[in-house]
Amino acid sequence: MEHHAVTSIILPFLVFFPFLGAVIGYVIGRSNKNARDLWGWLVSAVVFAASLLLIGKETVYSIPGFCGLGIQFAADGFGVILAVLTSAIWLITTIFSKEYMAQGECNRNRYYLFVFLTLGATMGIFLSADLFTTFIFFEMMSFTSFVLVMHEEDDATIRAAHTYLAVAVIGGLVTLMGLFMMYQMAGTLNMAELSAFMQAQEDKSSFYLTGVLILFGFAAKAGLFPLHVWLPAAYTVAPAPSSALLSCLLTKTGVFGTIIVSCKLFMHDAKWGSLILLCILLSVIQDVIMSRVTVFGTTTDLIPMVILLITLAAKQDYDSFYELEIGLRRVQNCPPFGDLASVTFTGQEEGRVLRGAVKFRDSLLACLQQPDYKTETCTTLGPAPCV
């Protein structure tokens, strides 16, 4: 691999320049909000332009001794693609944020500060060359994005943010435990060296527990079942630009970690591949269910029924499929066994409309808990954007 000194400097620049830009933007914003917005656009544009310089390049950069093990960055095909996509989406989101935040949003200066801190941490993840570096910036991203989720600071937002942070912290601690174990067994956390080490192992069964522990934190961020509990609330309460970043990029850091663990540690391992496939299948099923039912307590009961529905459809057993579908509708009190009522909210700004719908839903649920209504069987669906 040929290393280019100028190109290698771009790696730490893409990670640490957004941190510096965040602080400078915060200072500027205390005296001039328009100048801060323009500075944010400039930072995003510079990061995007710098990421384009990595296309077609392969280089590394390391800072020895940082936190004991040092941190290492690398430009490879997969990481560079994700870095370019991240910077491009961040630029678009930053431009959109000016108009969105002008609609009476408070704490705008804090918002921009943590938006760019999160950008730096996200770039650090995608450009990391070892799992220790990945972990450091992964945890940093969890804490900075937590502030973006709790931006509104009302009760529902605080609850959603606490759930998000709890899942992130627990996932991070479990992943750290797995990294300790992997370092003890392999003597390194460098991705290239780990890949060579694992390929030399004839029997990988002794590494499965370690792999699952490392995977845990990444799976939580990716929203894989059953670690998806933070997703619905966080998406609905976060400001629209933050929600876009959560769905487009921050969850993809979990997917990135899952791919790294699977491809670097357990490449061509059938048992590990089956585990990942099962997690993905369950996540897809719960996503289908949660799009129809928002009562989490019934999800576990519905999963076997949905799996059976898929099996019957595959076998083209349409009579049994129809009978089970009717039974599923009866259990969920859906038509023709129940009545549906919809409430539509309209407005000029989607994020505000969605938050208003969430508050209405919460108020409705509180009313349904009153003694006069407890005898009624009612289920709330949504809120969901109109198509």
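Residues numbered from 1 in each chain as written. Predicted model: local features only at pLDDT ≥ 70, side-chain atom pairs only at ≥ 80, totals over all residues. Heavy atoms only, no water.

S.K.: Quick one: what's the story with the nonpolar core, residue by residue and with numbers?
M.R.: Within the largest apolar cluster, 74 residues are counted, with the highest numbers of intra-cluster contacts made by Leu14, Leu54, Met182 and Leu265. Per element, the largest residue contribution to this core is twelve residues, and it comes from helix H4 (residues 108-126). Those residues within four positions of leucine 265 in sequence are excluded, and the remaining contacts are Met182, Leu194, Met198, Lys204, Ile214 and Ile260. (Core = buried A, V, L, I, M, F, W, Y, C linked by side-chain atoms within 4.5 Å. Buried < 20%, exposed > 50% of the residue type's maximum accessible area, 1.4 Å probe, protein only. Helix = DSSP H or I, 4+ residues; strand = E, 2+ residues; numbered from the N terminus. Contact = heavy atoms within 4.5 Å.)

S.K.: Tell me about the pattern of salt bridges, residues and numbers included.
M.R.: Taken as a whole and judged by the stated rule, the model has one salt bridge. Notably, a salt bridge pairs aspartate 37 with arginine 36, separated by 3.2 Å at the nearest N-O pair. For aspartate 37, a relative accessible area of 6% gives the class buried. (Salt bridge = Lys/Arg side-chain N within 4 Å of Asp/Glu carboxyl O.)

S.K.: Can you explain the environment of phenylalanine 73? Please cite residues and give values.
M.R.: Mapped onto the secondary structure, phenylalanine 73 falls in strand S2 (residues 71-75). Taking C-alpha positions, phenylalanine 73 is 8.9 Å from phenylalanine 126, a pair spaced 53 residues apart along the chain. Contact partners of phenylalanine 73, with chain neighbours within four places excluded, come to Leu11, Val15, Phe16, Thr59, Val60, Tyr61, Gly124, Leu127, Ser128, Ala129, Thr133 and Phe137.

S.K.: Which residues make up the environment of phenylalanine 143, and what values go with them?
M.R.: In this structure, phenylalanine 143 sits in helix H5 (residues 131-149). Relative accessible area serves as the criterion here: at 44%, phenylalanine 143 is assigned to the partly exposed category.

S.K.: Break down the packing of H5 against helix H6 (residues 155-186) for me, with residues and values.
M.R.: In the contact formed by H5 and H6, the axes pass within 9 Å of each other and the chain directions differ by 170°. Taken together, the axes of H5 and H6 lie roughly antiparallel to each other. Here Leu131, Phe135, Glu139, Ser142, Phe143, Ser145, Phe146 and Val149 of H5 come into contact with H6, specifically with Thr157, Ala161, His162, Tyr164, Leu165, Ala168, Val169, Gly172, Thr175, Leu176 and Leu179. Residue classes in the contact of H5 with H6 are distributed as twelve nonpolar, six polar and one charged. (Axes fitted to C-alpha atoms, helices over the stretch in contact; angles between N-to-C directions. Parallel < 35°, antiparallel > 145°, perpendicular 65-115°, else oblique. Nonpolar A, V, L, I, M, F, W, Y, C, P; charged D, E, K, R; others polar.)

S.K.: Requested: an account of a nonpolar patch on the surface, with residues and values cited.
M.R.: On the surface, a cluster of nonpolar side chains totalling about 330 Å² of accessible area is made up of Val343, Phe345, Phe360 and Leu364. Along the chain, phenylalanine 360 falls in helix H14 (residues 350-368). (Patch = residues over 30% accessible without salt bridge, like charges linked within 9 Å, V, L, I, M, F, W, Y side chains within 5 Å. Areas by Shrake-Rupley, 256 points an atom, 1.4 Å probe, with all protein chains shown as cover.)

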